[in-house]
Amino acid sequence: LAKTTQPISMDSYEGQEVNITCSHNNIATNDYITWYQQFPSQGPRFIIQGYKTKVTNEVASLFIPADRKSSTLSLPRVSLSDTAVYYCFSTDKLIFGTGTRLQVFP
Amino acid sequence: DTEVTQTPKHLVMGMTNKKSLKCEQHMGHRAMYWYKQKAKKPPELMFVYSYEKLSINESVPSRFSPECPNSSLLNLHLHALQPEDSALYLCASSRTGATNEKLFFGSGTQLSVL
C-alpha cells in the first residue's frame, strides 16, 4: 500500500452516497487497508479497516477486490459534517496516501 | 478515555529558541508516534516509540529530538529550527505498535518558526 493514488477532490450533495477510491499497486502481504478522516486543525480519525472483501461499520463500508490493488471507501448518505479530507493509509509503512478533499453541499 | 492530548496547541519560536512539544495518553497504549503535516499535505511519519524505545526514525534532522519518559508521555524537543519546519505536529498512539492497529491522534501543535 506504500505508494497510493487518490483523487485530489470530490464534490457531493447531502444525502448522496460517496465512493472514494485508493489505488495501491504495491501493497504488502501484511498490509491492512485503513482509512482516516481529517477535519481542519484536527488529527486524523480512524474510519474503517479491512484486509480483503467487504467490511462495514456504523459509518462506512470498505470494498477490497481480490487482488487488493485498490480499495473503495463508501460513505452512505453524506451530510455537511462529512466535509473533510479522507486518507487511505499503509499500516505496513505507516504512510498516508495523498488524500481526497470531500466537499458536501446542501 | 480515548484521548491523546497535545500541548501547546500553538507555538511560535525563533530559530535560536529551544522548545518542547508534549503528548499524553491514558489508554494504556505502548506505541507512540510523531507525524509532521504541512498545509494541504498528508501527515509524514517522523518517529515511532514502542514500549518506550525508539523503533523508527525516518531520517529526521537532529534539531528534532524525541523523548519517551514513560508509556504515557511523548515529548519532541526542538532546537535551532528553520522556517521550513513550520507545520502541524501530530502525536498518535496505538495499543502495541502491531501492524494492523488503529492509531489515535491528538489535535496537534501548530508550530511557526520565525
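It should be noted that the structure appears before, not after, this text.
Computed from a predicted model, the values in this text were never measured in an experiment.

A.B. asks: What's the story with the overall build of chain B in this structure? I'm lost.
C.D. replies: Counting its regular elements, chain B contains zero helices and 11 strands. If you list the helices and strands of chain B from N to C, you get β-β-β-β-β-β-β-β-β-β-β. For 114 residues, the compact-globule estimate of 2.2 N^0.38 gives 13 Å, and chain B sits close to it at 13 Å. When its C-alpha atoms are laid out on the principal axes, chain B stretches across 35 × 25 × 25 Å. Across the 114 residues in chain B, those meeting the buried criterion constitute 44%. If you take every contact in chain B between residues at least 6 apart in sequence, the share linking residues at least 24 apart comes to 55%.

A.B. asks: Is there a simple way to think about the sheet that holds strand β7 (residues 64–70) of chain B in this case?
C.D. replies: Strands in a sheet are paired, the pairing made by backbone hydrogen bonds, and the direction either parallel or antiparallel. All names here are of chain B. Spatially, β1-β3-β8-β7 is the arrangement adopted by the four strands of the open sheet, whose pairing is antiparallel. Pairing within the sheet leaves two strands with one partner each, and these edge strands are β1 (4–7) and β7. Strand-to-strand twist in this sheet, taken as the mean axis angle between neighbours without regard to direction, amounts to 20 degrees.

A.B. asks: Any chance you could explain the interface of chain B and chain A here in plain terms?
C.D. replies: Interface extent is often summarised as the accessible area lost during association of the parts. In this assembly, 19 residues from chain B lie in contact with 20 residues from chain A. Carbon and sulfur atoms make up 60% of the surface buried where chain B meets chain A, a total of about 1,500 Å² over both sides. Interface area lost by chain B to chain A is led by B:Thr99, B:Asn100 and B:Phe105, which between them contribute 32%. Counting across the chain B and chain A interface gives zero salt bridges. Taken together, the connections running from chain B to chain A amount to seven residue pairs in polar contact (both at pLDDT 80 or more). Listing elements by their share of the side of chain B that touches chain A, those giving two or more residues are β4 (31–37) and β5 (44–50) of chain B. Take the side of chain B that touches chain A: its biggest share by element is three residues, from β4(B). Its residues assigned to classes, the side of chain B that touches chain A shows 10 nonpolar, five polar and four charged.

A.B. asks: Just checking my understanding: could you explain the sheet that holds strand β5 (residues 53–56) of chain A for this structure?
C.D. replies: All names here are of chain A. Read across the sheet, four strands follow the order β2-β7-β6-β5 without closing on themselves; strand pairing throughout is antiparallel. Taken across any chain shown, the strands that pair with only one partner, and hence form the sheet edges, are β2 (18–23) and β5. Geometrically, the sheet is characterised by an average inter-axis angle of 15 degrees between neighbouring strands, direction not taken into account. Across three bridges, the pairing between strand β6 (residues 61–64) and strand β7 (residues 70–75) is antiparallel. By the bridge assignment for β7, Ser61 is matched with Ser74.

A.B. asks: Would you mind showing me how to read the state of the cysteines here?
C.D. replies: Note on terminology: disulfide describes a covalent bond linking the sulfur atoms of two cysteines. Counted under the stated rule, the structure contains two disulfides over all chains. The disulfide that involves A:Cys22 links it to A:Cys88, with 2.1 Å between the sulfurs. With the S-S dihedral at roughly 55 degrees, the linkage between A:Cys22 and A:Cys88 falls on the right-handed side. Of this pair, A:Cys22 sits in strand β2 while A:Cys88 is found in strand β8 (residues 84–90), placing the two residues 66 residues apart along the sequence. Residues A:Cys22 and A:Cys88 agree in their burial class; the two are buried. The disulfide partner of B:Cys23 is B:Cys91, and the S-S distance across this bridge is 1.9 Å. Negative torsions about the S-S bond denote left-handed disulfides, and the value of about -70 degrees found for B:Cys23 with B:Cys91 makes this one left-handed. Highlighted residues: B:Cys23 in strand β3 (residues 18–25) and B:Cys91 in strand β9 (residues 87–94), separated in sequence by 68 residues.

Conventions and cut-offs
Residues numbered from 1 in each chain as written. Chains lettered and ligands numbered in written order. Predicted model: local features only at pLDDT ≥ 70, side-chain atom pairs only at ≥ 80, totals over all residues. Heavy atoms only, no water. Helix = DSSP H or I, 4+ residues; strand = E, 2+ residues; numbered from the N terminus. Rg over C-alpha atoms; globule rule 2.2 N^0.38 Å. Buried < 20%, exposed > 50% of the residue type's maximum accessible area, 1.4 Å probe, protein only. Contact = heavy atoms within 4.5 Å. Pairing = 2+ DSSP bridges. Axes fitted to C-alpha atoms, helices over the stretch in contact; angles between N-to-C directions. Buried area = accessible area lost by both parts, 1.4 Å probe. Salt bridge = Lys/Arg side-chain N within 4 Å of Asp/Glu carboxyl O. Polar contact = N/O pair within 3.5 Å; in protein donor to acceptor, adjacent residues only side chain to side chain. Nonpolar A, V, L, I, M, F, W, Y, C, P; charged D, E, K, R; others polar. Disulfide = S-S within 2.5 Å.

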